[in-house]
Every structure is written in structure tokens, then in C-alpha cells.
Amino acid sequence: MTNATNTPSSATLLDLADIQGGILRTYGDGFPKGRNFYLTVRDARKGRAFVEALLPKITTAARWKDPKRDEPLLRTRNPRVKDIVRAQGEPDYPGRVQLMKPKVTLNIGFTFTGLLALGVPTRTLRGMPDDFIDGMEARAALLGDDPFLDKRDAVWRNSKGDRRVHILLTLYAQQNPDGTACPELKAETDAIVALCKKSRGGVVLLDGVGPDNAQWQDLSAVMRQDGENWWPTNKEHFGLSDGFGDPVFSGQFSGEAEQVRVAGGGKLVYDPKKKTYKWEPLATGEFLLGYPDEAQEIPGAAMPIAFSRNGAFMAYRKLHEAVGTFNRYIDEQAGRYARMFHVPKAEAVETIKAKMVGRWEDGVPLTIAPTYADWQRFRADLDKARAEKNKARLAEIALKFTNFTYASDPAGSKCPVTSHLRRANPRDGLGPTFTADGLSGDGSAIINRRRILRRGLPYGQYDANAPTDDGDHGIIFMAICTNLFRQFEFVQQQWMQYGLDFNAGSDTCPVIGNHPKADEPKMVIPVDPEVGKLPFICDRVPQLVEPRGGDYFFLPSMTALRMIGMGIIDPT
């Protein structure tokens, strides 16, 4: 065990050096560039040698020293919860520093057929869950992907036979001041290509990635220019801020960081002494195999247990964003909204976007700032705190981005119940009843079993002066959990592609849901009864996001990777 310090006695102790780094960490703005590779294994022995050769390069969750760790809270971007801990000089992650922060991270995942191609024993593979064995394409109808199967990149359309995607390699890299990737990304790319060539056909780097038939998927944060320097933002191509409110589980952070981050990121637990609810970290077993989950059970896993423990499953998705359509639709709806509510068009544009997402474009939650005027006051407060270099106030503001519930807004007049934010994580919003104090934790037990760790980066670019749907731009989205069916697939199917749990019939998520014209898709924006207006209906919502490929992957521990590389898995 590596985290002997900085962790409360009640916290889960994790073997950080055995866990792949991308599970515990969001590489975030420290690694704003990336590159993903898809490989197929045509010779089991050579495939195992390939895995073994990569082992020294795999980035683990072991804590590293970050030379820029003391970055101030007083930045131009909105403060984040982790900035609070950093500003106080406390460690983000548990354990002692063991490594220097790398220039490039490398993580690896395998499809079920990839494990089979590498010679993993059948008896071990039989212990894998059905959803993982099926793979993403076989689950297309359940996920709502079936209308878009022909639009996938060739590497996914042709993922069968000797072109079946078996291995996913994900690289995240630091950047140069001019916004380009650090040179180490090319060096690691060359090393992977050379390793494939060395296998003499045993491991093949697949092409057909994107419309240009490339051999890898390039990634980049949306950048902001300041003079000659380029800075990564947390925006995606629709211009909306992302990356708030990831779940917090026991053992993931140091004790100090956990105390801060758990507010809004953990689970709601009733405290009978104080007669109120408090935030606690979720069970580790929801995100890492081999640990108790929220049901206090250790789910069945592939044997031997050492092969599964400290691993996780991941849904990998390439999501195309129709930027031109999004801008035109928002402009059209905002025109009607402005006339109906007698507000300026610019205010209507921002309001429609916020109601669809659940946050204003800079990430401020509607629950905290329900109206445009509230949002402007919030921003003024933030600017004042920055100008005064008031770190205490900035820390309070940072918490507002995640620490909120929906008890005071059951009808969604502040934040619509069908917005993307409330669908992805309803928090206390699905409780059957609310007390006189506005409390409801009854729904959280269900919600705690549906949480996923979100990872990924945007890909592609477009002309900002002439935004279009054409081209290759969107988000690489990765959902990490221990049960793809119960967690990722449930959220994708029941909460994103239906509205029944939100009393919204068949209305799908206004952002990533399917919107076939024949269904006349819509989104209802409730209005506070005191306003004396009817709800606003965003009608004929067009298709804004389309899946362009992906699959289910197993992210093994370092122990399991050594077993795979050496071919010594003994399921007995």
C-alpha cells in the first residue's frame, strides 16, 4: 500500500502503483493534447510481447511531483474545487510522491476479442460480464446508436475479422506555449509505430480513423489565445464549459482533497444527529473492480481475482458535434424566447443554451444562478474576488460549481429536469418525496449506482467564423465504471434517450439524445409560476450529436497486464 499518509483511517487504501492513472486522474489541462491508437492482434505470442514491451511506459496512479503545483487560485478561468486544495498547499492525490510528472501519459485497454486474441484463458474470459463480451456495436439498439452505424469511422465500421479493434492506446501530452503538442508526443508515437513493425505483423496499427483515413485520432483541448501564447480551456465545440462534478470515491484523493471535493461529488447521506444530509465519498467498488460497491458487495469477476482487482471497464465513444446546426437552432429559438419574455436577444441566446445544458456557458450552475441577472451578479462577484485576490471568497465560489442539490427546485423552474446536467446526475432529484425542509435523500441510493467517471478531450477543429456541421470535430468521451450495464448503459438509455424518470415522456436529452424528425423532438423549459407565463417549448430539436464509433474496453491493473504479457494467467 502506498498511501500511508494524508488519508483518514476510514478511507479505502489503494495500491496506486497497480492502478492505471487514467482511472483515478482526469489528466485535464495539464495534458491538453492527445492521440489515440487502435490496434489488432494477429499473433497471440507477438501480441503478448507487445504488451510486455509497453509495460514500463504505462502511467499508473502513483502520485507524482508537479513543478507547477503551486499555481495560484487567481486565474482568469473559473476557479475549480481542486484549486482550493492546491491554494492551501495540500496534496491532491494520496500517497507519497514517487515520480516526476511525465510529459506524456500512456494507458491501455482491451476489447473482449482483444483478450481472446492475446490468449487469455477461456475460463477467465467466461467470468467477464455479458455487456463487455457483446461490445458496443452489438448493444447499438440499447444505446440509441443504431441510426448512426453507417456514419462511423472506417476503423469501427470494419472492426471485425483481421481488422477487429483489440487494443486501445491513449496518450495525453503537455503542450508548447504556441499551442502545439510537446515533442515527446511524436517520440512516443514513433515508438509505438516501431513496436508494431517489430512484431512483423503480429500487432497491426489500424487506419481508417476519421475522414482522412488516418492511423490515429488526434485530440486537443479548445484553445484560447493570449498574445503569442495559447491556453487550453475546458470548452467543447459548442462553446460550453465541461468537466465539473465528476464523482468522488473513497481512496481516490488525499484526505484533505477528499473533504473539499466530496461536496457535490460524492453521495448524500442522512445524518440523524444533525437531521440533515451530508456528502460522503462513493464506494470504491463502483469504479474499481475488487472492492465493495454501494451494495456492500464485491461483484463477481474474471478469475483469478488478481486479474480483475484494480481494473475497470470503459465505454469509449467518438461523438461528432453539429456546430453549425447548434448555432442556428439556438439563434432561432432565442428569437422566439426574446419576444415571449421581452428580453434582449443576446440574453435569450445564453438562456436557451443554459436551460438545455443546466449550466451557463462558463459552467455556473442554474441551480445557483437561475436567471440571466443572477448569472451576471455571480460573474461580478467572481471578478471582484479576483481583483481583490480574495482567495477565501474564490474558494467559496469554486464550491458553488459542484455543491448543490435540486430539492428546492422539484419542478425544474430553475434548472429543467430534462436538461443534460440533471439527466446525467439527478443528485437528490429523483426522490419520491420532499420533507418540509426541502430534503430528499430517497432517490440518491438509486443514483449512487449509476455514477460514471468521465474522461476525454475534444478532437478536430472548424472555422470559428463559419461554423459548420461538416468536417471532423467533436468529443472523445470515455465513461469508466465497474458495471457497464448498470452504470453507463443505464444512464445512456434511460436518462439520455428517454424522459420517463423525469415525467417527460419520450423527450430525450436536448444535447446528446436522438432527435428523429418524425418524433418532433422537443424540450420543455418550465417557468416560475410567479412569472405568470406559460412554459417555453424548444420545438423540433435537431440532431446535435452523433456517435461516430467506439467500443467497450477492459482497463487492467498493472498486475493483470504483467499476467497478459507473460501469458501466465491461471484461472484456477
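In the block above lies the structure referred to throughout.
Residues numbered from 1 in each chain as written. Predicted model: local features only at pLDDT ≥ 70, side-chain atom pairs only at ≥ 80, totals over all residues. Heavy atoms only, no water.

Asker: Sorry if this is basic, but what is going on with the overall build of the protein chain here?
Answerer: Within the protein chain, the secondary structure is distributed over 19 helices and 17 strands. For 572 residues, the compact-globule estimate of 2.2 N^0.38 gives 25 Å, and the C-alpha radius of gyration of the protein chain, at 23 Å, lies within 12% of that figure. Taking the principal axes of the C-alpha coordinates as reference, the protein chain spans close to 70 × 55 × 50 Å. Within the protein chain, the fraction of its 572 residues that count as buried is 56%. Across the protein chain, every contact between residues at least 6 apart in sequence was considered, and the portion connecting residues at least 24 apart equals 72%. Here the protein chain has roughly 23900 Å² of accessible surface; of this, 52% comes from carbon and sulfur atoms. (Helix = DSSP H or I, 4+ residues; strand = E, 2+ residues; numbered from the N terminus. Rg over C-alpha atoms; globule rule 2.2 N^0.38 Å. Buried < 20%, exposed > 50% of the residue type's maximum accessible area, 1.4 Å probe, protein only. Contact = heavy atoms within 4.5 Å. Areas by Shrake-Rupley, 256 points an atom, 1.4 Å probe, with all protein chains shown as cover.)

Asker: What is the right way to read the packing of aromatic side chains from this model?
Answerer: To describe a pair of aromatic rings, you give the distance between the ring centres and the angle between the ring planes. For the coordinates displayed, the defined rule picks out 26 aromatic pairs. Residues Phe 249 and Phe 287 carry aromatic rings whose centres are separated by 5.1 Å and whose planes lie at 25° to one another, so their mutual orientation is stacked. Highlighted residues: Phe 249 in the loop between β9 (229-232) and α10 (255-261) and Phe 287 in the loop between β11 (276-280) and α11 (305-308), separated in sequence by 38 residues. For the pair Phe 249 and Phe 287, a shared accessibility class is recorded, and that class is buried. Here a set of aromatic residues connected by ring pairs shows up, and it is made of Phe 112, Phe 132, Phe 307, Phe 313 and Phe 554. Arg 309 extends its terminal NZ or CZ atom over the ring of Tyr 291, reaching a point 4.3 Å from the ring centre. (Phe/Tyr/Trp six-rings, centres within 6.5 Å; stacked < 30°, edge-to-face > 60°. Lys NZ or Arg CZ within 6 Å of the ring centre and 35° of its normal.)

Asker: Please clarify how the environment of Gly 499 should be interpreted in this entry.
Answerer: In this fold, Gly 499 is placed in the loop between α18 (485-496) and β15 (523-525). Sequence separation between Gly 499 and Thr 418 is 81 residues; the distance between their C-alpha atoms is 7.1 Å. Setting aside anything within four residues of it in sequence, one finds Gly 499 in contact with Arg 423, Ala 504, Gly 505, Ser 506 and Asp 507.

Asker: So what exactly am I meant to see when it comes to the environment of Pro 177 here?
Answerer: Mapped onto the elements, Pro 177 comes out in the loop between β5 (167-173) and α9 (183-198). For Pro 177, a relative accessible area of 56% gives the class exposed. Placed 53 residues apart in sequence, Pro 177 and Trp 230 show a C-alpha to C-alpha distance of 6.0 Å. Sequence-distant contacts of Pro 177, defined by excluding residues within four places in its chain, comprise Glu 228, Asn 229 and Trp 230.

Asker: Sorry if this is basic, but what is going on with α9 here?
Answerer: Side chains that are three or four residues apart share a direction in an α-helix, a result of its 3.6 residues per turn. The first and last C-alpha atoms of α9 sit 23 Å apart over 16 residues, in line with the 22 Å expected at 1.5 Å per residue. Where α9 is concerned, the buried positions are Leu 185, Thr 189, Ile 192, Leu 195 and Cys 196. Down the axis of α9, the smallest arc covering the buried residues is 125°, so these residues share one side. Exposed and oriented more than 90 degrees from the buried face of α9 are Pro 183, Lys 186, Lys 197 and Lys 198. Taken together, the buried residues of α9 touch β1 (33-41), α2 (44-54), β4 (104-110), β5 and β6 (203-205). Two residues or fewer after α9 comes Arg 200, characterised by a positive phi angle close to 50°. (Expected span 1.5 Å × (residues − 1). Arc of directions from axis to C-beta.)

Asker: Help me understand the nonpolar core, please; the structure alone is not making it clear to me.
Answerer: Of all hydrophobic cores here, the largest spans 51 residues; its most connected members are Leu 169 and Phe 307. Per element, the largest residue contribution to this core is five residues, and it comes from helix α19 (residues 558-566). If sequence neighbours within four positions are ignored, Phe 307 has contacts with Val 120, Thr 124, Met 128, Ala 302, Phe 554, Ala 560, Met 563, Ile 564 and Ile 569. Counting 35 residues, the second-largest nonpolar core is a separate cluster that includes Leu 24, Tyr 38, Ala 221 and Ile 476. (Core = buried A, V, L, I, M, F, W, Y, C linked by side-chain atoms within 4.5 Å.)

Asker: It is not clear to me how helix α12 (residues 323-341) should be interpreted in this structure. Could you clarify?
Answerer: In this model α12 runs 26 Å from its N-terminal to its C-terminal C-alpha over 19 residues, within 8% of the 27 Å that 1.5 Å per residue would give. For α12, the complete set of buried residues consists of Val 323, Gly 324, Thr 325, Phe 326, Tyr 329, Ile 330, Gln 333, Ala 334, Gly 335, Tyr 337, Ala 338 and Phe 341. Residues of α12 that are buried make contact with β12 (312-321), α13 (345-357) and β16 (536-538). Directly beyond the C-terminal end of α12, a positive phi value near 55° is found at His 342.

Asker: Looking at this model, I keep getting lost on the side chain of Asn 36. Mind explaining?
Answerer: Among the structural elements, Asn 36 can be located in strand β1. A polar contact is formed between the side chain of Asn 36 and the side chain of Tyr 316, at a distance of 2.8 Å. (Polar contact = N/O pair within 3.5 Å; in protein donor to acceptor, adjacent residues only side chain to side chain.)

Asker: Even after reading the chapter, I still don't get the pattern of salt bridges, so can you show me in this structure?
Answerer: Where charged atoms of side chains with opposite charge meet at close range, the side chains can pair. A full pass over the atoms with the stated rule returns 35 salt bridges. Linking Arg 164 and Asp 551 is a salt bridge whose minimum nitrogen-to-oxygen distance equals 2.8 Å. Residue Arg 164 is found in the loop between α8 (154-157) and β5, and its partner Asp 551 is found in strand β17 (residues 545-555); the two are separated by 387 residues along the sequence. The class for Arg 164 is buried, based on a relative accessible area of 15%. Between Lys 345 and Asp 331 there is a salt bridge, and its shortest N-O distance comes to 3.0 Å. Remark: Asp 331 occurs in helix α12 and Lys 345 occurs in helix α13; sequence separation between them is 14 residues. Taking the relative accessible area as the measure of exposure, Asp 331 reaches 41% and is therefore partly exposed. Beyond isolated ion pairs, a larger network of salt bridges with shared partners links Asp 242, Asp 246, Arg 454 and Arg 455. (Salt bridge = Lys/Arg side-chain N within 4 Å of Asp/Glu carboxyl O.)

Asker: Would you mind showing me how to read unusual backbone geometry here?
Answerer: Across the chain, the bulk of peptide bonds are trans and the bulk of non-glycine residues have phi less than zero. Following Met 303, the chain continues to Pro 304 via a peptide bond in cis, the omega torsion being 5°. Mapping Pro 304 onto the fold places it in the loop between β11 and α11. At His 342, a residue that is not glycine, the phi angle is positive and equals roughly 55°. Its place among the elements puts His 342 in the loop between α12 and α13.

Asker: Help me understand the packing of α12 against α13 in this model?
Answerer: In a pair of packed helices, the angle between the axes and the distance between the axes together describe the arrangement. Packing of α12 against α13 brings their axes to within 8 Å, and their N-to-C directions diverge by 115°. Every pair of crossing elements has a handedness; the one defined by α12 and α13 is right-handed. Contact residues: α12 offers Phe 326, Ile 330, Asp 331, Gln 333, Ala 334, Gly 335, Tyr 337 and Ala 338, while α13 offers Lys 345, Ala 348, Val 349, Thr 351, Ile 352, Lys 353 and Met 356. Each residue belonging to the contact of α12 with α13 can be placed in one class, and the counts come to nine nonpolar, three polar and three charged. (Axes fitted to C-alpha atoms, helices over the stretch in contact; angles between N-to-C directions. Left-handed = near helix turned anticlockwise from the far one by under 90°. Nonpolar A, V, L, I, M, F, W, Y, C, P; charged D, E, K, R; others polar.)

Asker: Is there a simple way to explain the pairing of β9 in this structure?
Answerer: Examined bridge by bridge, strand β8 (residues 223-226) and β9 share four bridges and lie antiparallel to one another. Bridge pairing links Arg 224 to Trp 231 in β9. (Pairing = 2+ DSSP bridges.)

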